[in-house]
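Understanding the architecture of this molecule
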Amino acid sequence: MVKNKKCIGCGVVLQDENITQEGYVTSLENNICQRCFRMKNYGEYQVSTKSNDEYIEILKSVGKTNDLVLHIVDLLNIDKDLSIIRQYVPNKMILVLNKRDVLPKSIPDTKIIEYFQQLDLQYEDIIVISVNKNYQIDALLDKIKKLKTSNQVYVVGHTNTGKSSLINKLIQNYSENTSDLTISPLPSTTLNKIEIKLSDQLTLIDTPGLVDRGNLIHYIDSSLLKKISPKKEIKPKTYQLKKNQCLLIGNFARLDYVEGEKNSFTVFTSNDVKVRRVSSKQATLKDLAKITYEIKYHEDLVINGLGWIKVVEKGTVDLYLHRDVESFTRKSLI
Ligand SMILES: Nc1nc2c(ncn2[C@@H]2O[C@H](COP(=O)(O)OP(=O)(O)O)[C@@H](O)[C@H]2O)c(=O)[nH]1
Ligand SMILES: [Mg+2]
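Residues numbered from 1 in each chain as written. Chains lettered and ligands numbered in written order. Predicted model: local features only at pLDDT ≥ 70, side-chain atom pairs only at ≥ 80, totals over all residues. Heavy atoms only, no water.

Moving on, we come to helix 1 (residues 34-42). When we look at burial in helix 1, the residues that qualify are Arg 35, Cys 36 and Met 39. Angularly, the buried residues of helix 1 cover 95° about the axis, an arc narrow enough to put them on a single face. One or two steps after helix 1, the chain reaches Gly 43, where phi turns positive at roughly 60°. (Buried < 20%, exposed > 50% of the residue type's maximum accessible area, 1.4 Å probe, protein only. Helix = DSSP H or I, 4+ residues; strand = E, 2+ residues; numbered from the N terminus. Arc of directions from axis to C-beta.)

Any two packed helices are characterised by the angle at which their axes cross and by the distance between the axes. Following both chains from N to C, one finds helix 5 (residues 137-147) and helix 6 (residues 163-174) inclined at 90°, their axes separated by 11 Å at the closest point. Considering their axes alone, helix 5 and helix 6 lie roughly perpendicular with respect to each other. Counted together, Ile 137, Asp 138, Leu 140, Leu 141 and Ile 144 of helix 5 and Leu 166, Lys 169, Leu 170, Asn 173 and Tyr 174 of helix 6 form the full contact between these two elements. Broken down by class, the residue content of the contact of helix 5 with helix 6 amounts to seven nonpolar, one polar and two charged. (Axes fitted to C-alpha atoms, helices over the stretch in contact; angles between N-to-C directions. Parallel < 35°, antiparallel > 145°, perpendicular 65-115°, else oblique. Contact = heavy atoms within 4.5 Å. Nonpolar A, V, L, I, M, F, W, Y, C, P; charged D, E, K, R; others polar.)

The next subject is the site of ligand 1. Taken together, 19 residues lie around ligand 1, and Asp 101, Val 131, Asn 160, Lys 163 and Ser 165 are the ones closest in. Asn 98 places a side-chain nitrogen or oxygen 3.2 Å from an oxygen atom of ligand 1. Separating an oxygen atom of ligand 1 from a backbone N or O atom of Gly 162 is a distance of 3.0 Å. Contact with the protein chains hides 91% of the accessible area of ligand 1, taken as 580 Å² for the molecule alone. A total of three residues in the shell around ligand 1 trace back to one element, the largest contributor, which is helix 6. Within the shell around ligand 1, the residues separate by chemical class into five nonpolar, eleven polar and three charged. (Near = heavy atom within 4 Å. Polar contact = N/O pair within 3.5 Å; in protein donor to acceptor, adjacent residues only side chain to side chain. Areas by Shrake-Rupley, 256 points an atom, 1.4 Å probe, with all protein chains shown as cover.)

The antiparallel open sheet is built from five strands, whose spatial order is 11-8-9-15-12. Looking along the sheet, the strands with just one partner apiece sit at the ends: strand 11 (275-279) and strand 12 (289-295). Strand-to-strand twist across the sheet, computed as the mean angle between neighbouring axes with direction ignored, equals 25°. Note that strand 9 (residues 253-259) and strand 15 (residues 315-321) share six bridges and pair antiparallel. Pairing of Leu 255 across the sheet is with Leu 319, part of strand 15. (Pairing = 2+ DSSP bridges.)

It is worth spelling out the environment of His 158 at this point. Within the secondary structure layout, His 158 lies in the loop between strand 4 (152-157) and helix 6. C-alpha separation for the pair His 158 and Asn 134, spaced 24 residues apart in sequence, amounts to 21 Å. Here His 158 is in contact with Ile 72, Asp 79, Ile 85, Lys 163, Gly 209, Leu 210 and Asp 212, once residues within four sequence places are set aside. Of the polar contacts made by the side chain of His 158, one reaches the side chain of Asp 79; its length is 3.0 Å.

Core analysis: the biggest nonpolar cluster contains 38 residues, and Leu 97, Ile 112, Phe 116 and Trp 308 have the highest contact counts within it. Tallying contributions element by element places helix 2 (residues 52-63) first for this core, with five residues. The residues that make up this core include at least three from each of domain 2 (48-212) and domain 3 (235-331). Beyond its immediate stretch of four places on either side in the chain, Ile 112 contacts Leu 75, Leu 97, Arg 100, Leu 103, Ile 107 and Val 128. Listed in part, the 29 residues of the second largest apolar core include Leu 186, Ile 303, Leu 319 and Val 325. (Core = buried A, V, L, I, M, F, W, Y, C linked by side-chain atoms within 4.5 Å. Domains from an automatic or database assignment.)

Looking at the protein chain, the domain boundaries give domain 1 (1-46), domain 2 (48-212) and domain 3 (235-331). With centres defined by C-alpha atoms, the gap from domain 1 to domain 3 works out at 43 Å.

Laid out in structure tokens, this is it:
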């Protein structure tokens, strides 16, 4: 019997003793744990909530190496503070902006890249990609080859940004080897560091990712997960609002325009989420927690896990949202 054999899907150590614990297999002959098997074959998702302390330890260990690091970011769900990872990982780093396919085609990549350049986080390079559309994957591999400092390259970032998807894609495109990392729309799919060899010169190392407790994903029924995760290009919807008008964004959020001149609000969220403009008097969802924002000229009001609302002029808005879901403003991305 092999001791400490790991699941090829998520990296957890396999065990055949406790069905309620991570890594359970009926037989240690298996290469994949029961949880991954169910996700892959039946789309049956089981949430595992990993503590970020464990991931921070992984980031620190990455920071002690001199290896090149890919920091993967989900363009639809840009981390509020990208510098958290930087704090632990001073390595040479490429910022990889994934899920280009869901942003409107009309926005040039250069515009997106400029936004991240001004954050001044000392990336060696910044690239916009889409794993799903196989977009710019060749260009990314060229950059990796050019910038790598050893035979190992780490893939880090928040959970759900597409780290495992990217590694599977690179292996599928450029290697004789196989990679069957488990991918899912839920957080904490990958449970451990996993090394996947692309060639003799390049091994990719997958990691679990930081879990964002403020993401709407944690507070909705799993049946709604598909609805809020866009699969196709988002069609932004623009509304002109006057004071005392309000937008209902699905049953997830409500935005009341309480003070200011007539103003333009553009909602970027999955096309399956219905947006309605109503008068504040008639609006529902008042039982959600309220936060008041003073919006400055050209800002986005971001709702973690749902998308964002671009506001053109300054004004005051009340946002109603589940009290544990994070929201914040930023300079307009687009
Ligand atoms: N639209 C879109 N979805 C993607 C892309 N890459 C990954 N995903 C989805 O993002 C989710 C998380 O992917 P996963 O690889 O498990 O993320 P990880 O937690 O960072 O390893 C899955 O539902 C993937 O199908 C992409 O390029 N475009
Ligand atoms: Mg993963």
